[in-house]
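# An overview of the molecular structure
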Amino acid sequence: MKKVCLFLLISGIILRFIIQFVFPAFNGDEISLGNNIKNSGFVELLYPLDSFQSAPPLYLWIQRFIVQTFPFSFWINIKILSFIFSISGLVLFYVFIKRNKFNPIFLLLFIVLIFNPFIVNNSLTVKQYTIDLTGSICLLIYFQSEKFKKYNWIFFLIWSLMSNIGLFACCGYLIYNLFKSNSFNNFGLFLKFIKNNILTILVPIPYVVYFLWFMKQKGAAELKSYMVQYWSDTFIPLNSSIFKYLIFTIHGLWTSIFNAFEIWGVFMMLLIVPFFIFYRKQSLFKEEILLLFCVILVHLILNVFQMYPFSDRLYLYIAPFFILILGSSLNTLSGFAIIKKHFQKIYIVISISTLFLYVLYMPSNDNNVYLLYKKLNNLEANQVYVTGKSLETINSFDKFTDNKFTTSKKILLLDTELDKSSYIVSRVSKKLKFNSTSPPESEIQNLIKSNRIKRIDWVNGYDIYEIKNK
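The structure reproduced in this document is the subject of the present report. (Residues numbered from 1 in each chain as written. Predicted model: local features only at pLDDT ≥ 70, side-chain atom pairs only at ≥ 80, totals over all residues. Heavy atoms only, no water.)

In this structure the tally under the stated criterion is 40 aromatic pairs. With centroids separated by 6.0 Å and ring planes inclined at 70°, the aromatic side chains of Phe17 and Phe83 adopt a geometry described as edge-to-face. Here Phe17 is found in helix α1 (residues 2-22), whereas its partner Phe83 is found in helix α4 (residues 74-99), with 66 residues between them in sequence. Measuring from centroid to centroid gives 5.8 Å for Tyr210 and Phe214, while their planes differ by 45°, and the two rings are tilted. (Phe/Tyr/Trp six-rings, centres within 6.5 Å; stacked < 30°, edge-to-face > 60°. Helix = DSSP H or I, 4+ residues; strand = E, 2+ residues; numbered from the N terminus.)

Listed below in structure tokens is the structure:
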């Protein structure tokens, strides 16, 4: 099992390097945030950013430092931090597996963490999500150690200045320890708890002070209004629609964290049911799961008050919680007499099947201009039409990468005559479900209905059409 886990770890690191630096792709938010980092000084990054972008100050400063210090192209520099944290999360989880003596139950868990396309791509994006995932894994490994109990405030202080989830983790950690110590039942013990954890309790203050200052700056009110509106569908409704919300959210969790293939995602979600039925009888990962639950609880409470969204982008740090529940549940199932004899074979089949399905879904970047240019260069045409939406995202990519990647074709904005090229590029957004994308743009839909074009190729984020009857 040790060799298998080491092989999976190395494979995961190689996979992330290839996706991050060999086949570069950026979504719109990454480009917008990256351009703010590219064009702003350290002081300017403390203020509300352009294009309604925001991120904690330490994260922005570290990114700015890397951009100024490293000798590579900007697009490479801006990806380095997320790559480092992404592979750090894998290494830390490997340490967790080692601490548990390479329990065979970790085979499927490690496969999910390493190869799940949702986890891979979101942990490599130019956002702080990967910091949250790595922070969660680090927390579940070290939270019981004496050194962590003494110096955890440093860990939480750094994390909270790099991501808001760090604040939730700090509060969740305190709630967990308060619950475990039973200090809330005794005022004297409660005061002792406060004294022993005073530095951890004070951790949120620097970010809170910064946030209060930030909200008084020009553009902050507009940013807040925009973000509340943008994330409005992610807030838990306190009315009858909450049932619809819960179904939608649970569906999002199983397709994101377990599998984008509906049937397999449901199957893996059902595998965690024994955990909730036999929770008191099993002990594998019990404390780690309880700790992470306290962190998520803080997030959910803030969400109810519409103070922080709960959506697919933010599921990343929750992944270890569900992965450990899956492992604990499977460990419980392995003890049942009816399947104990054949559990190992069944478990291997499930693990290999999951990996196979991940491989089918793996290319899921949503704005792959790099590969699009390669496709266009193979077309027998000097000019290529693009829709307005496509042109906007392509130009953003070119600017962001300093025109590092180019096409030999002349790019033309789509017109009604269709007499300057035989090909059209249209922007589409890839959805979470396997091979599912958003509907074609309106002008493309009209051309399809009139039988003027047919799709001949695609890359993630774009469709390529041939103009018929020319």
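Having put the structure on the table, let's press on.
Turning next to the pairing of strand β2 (residues 410-413). In summary, the side chains of a regular strand alternate between the two faces of the sheet. Pairing of strand β1 (residues 383-386) with β2, which is carried by four bridges, proceeds in the parallel orientation. Paired with Val384 across the bridge in β2 is Ile411. Between β1 and its parallel partner β2, the chain crosses via helix α22 (residues 388-400), and the hand of that crossover is right-handed. (Pairing = 2+ DSSP bridges. Right-handed = clockwise from strand over helix to strand, strands pointing away.)

On inspection of all chains with the given rule, the structure shows zero disulfides. With no disulfide of its own, Cys138 lies closest to Cys170 among cysteine sulfurs, the gap being 14 Å. No disulfide involves Cys170; its nearest neighbouring cysteine sulfur is the one of Cys171, lying 5.5 Å away. (Disulfide = S-S within 2.5 Å.)

Across the sheet, five strands lie side by side as β2-β1-β3-β5-β4; this open sheet has mixed pairing. Looking at strand neighbours, the two that pair on one side only are β2 and β4 (453-459), the edges of this open sheet. Neighbour-to-neighbour, the strand axes of this sheet turn through a mean angle of 30°, independent of strand direction. Here two bridges tie β1 to strand β3 (residues 423-427), and the two strands are oriented parallel to one another. Considered in β3, the bridge of Tyr385 is made with Ile424. The strands touched by α22 are β1, β2, β3 and β5 (462-467); relative to β3, the strand with the most contacts, the crossing angle is about 75°. (Axes fitted to C-alpha atoms, helices over the stretch in contact; angles between N-to-C directions. Contact = heavy atoms within 4.5 Å.)

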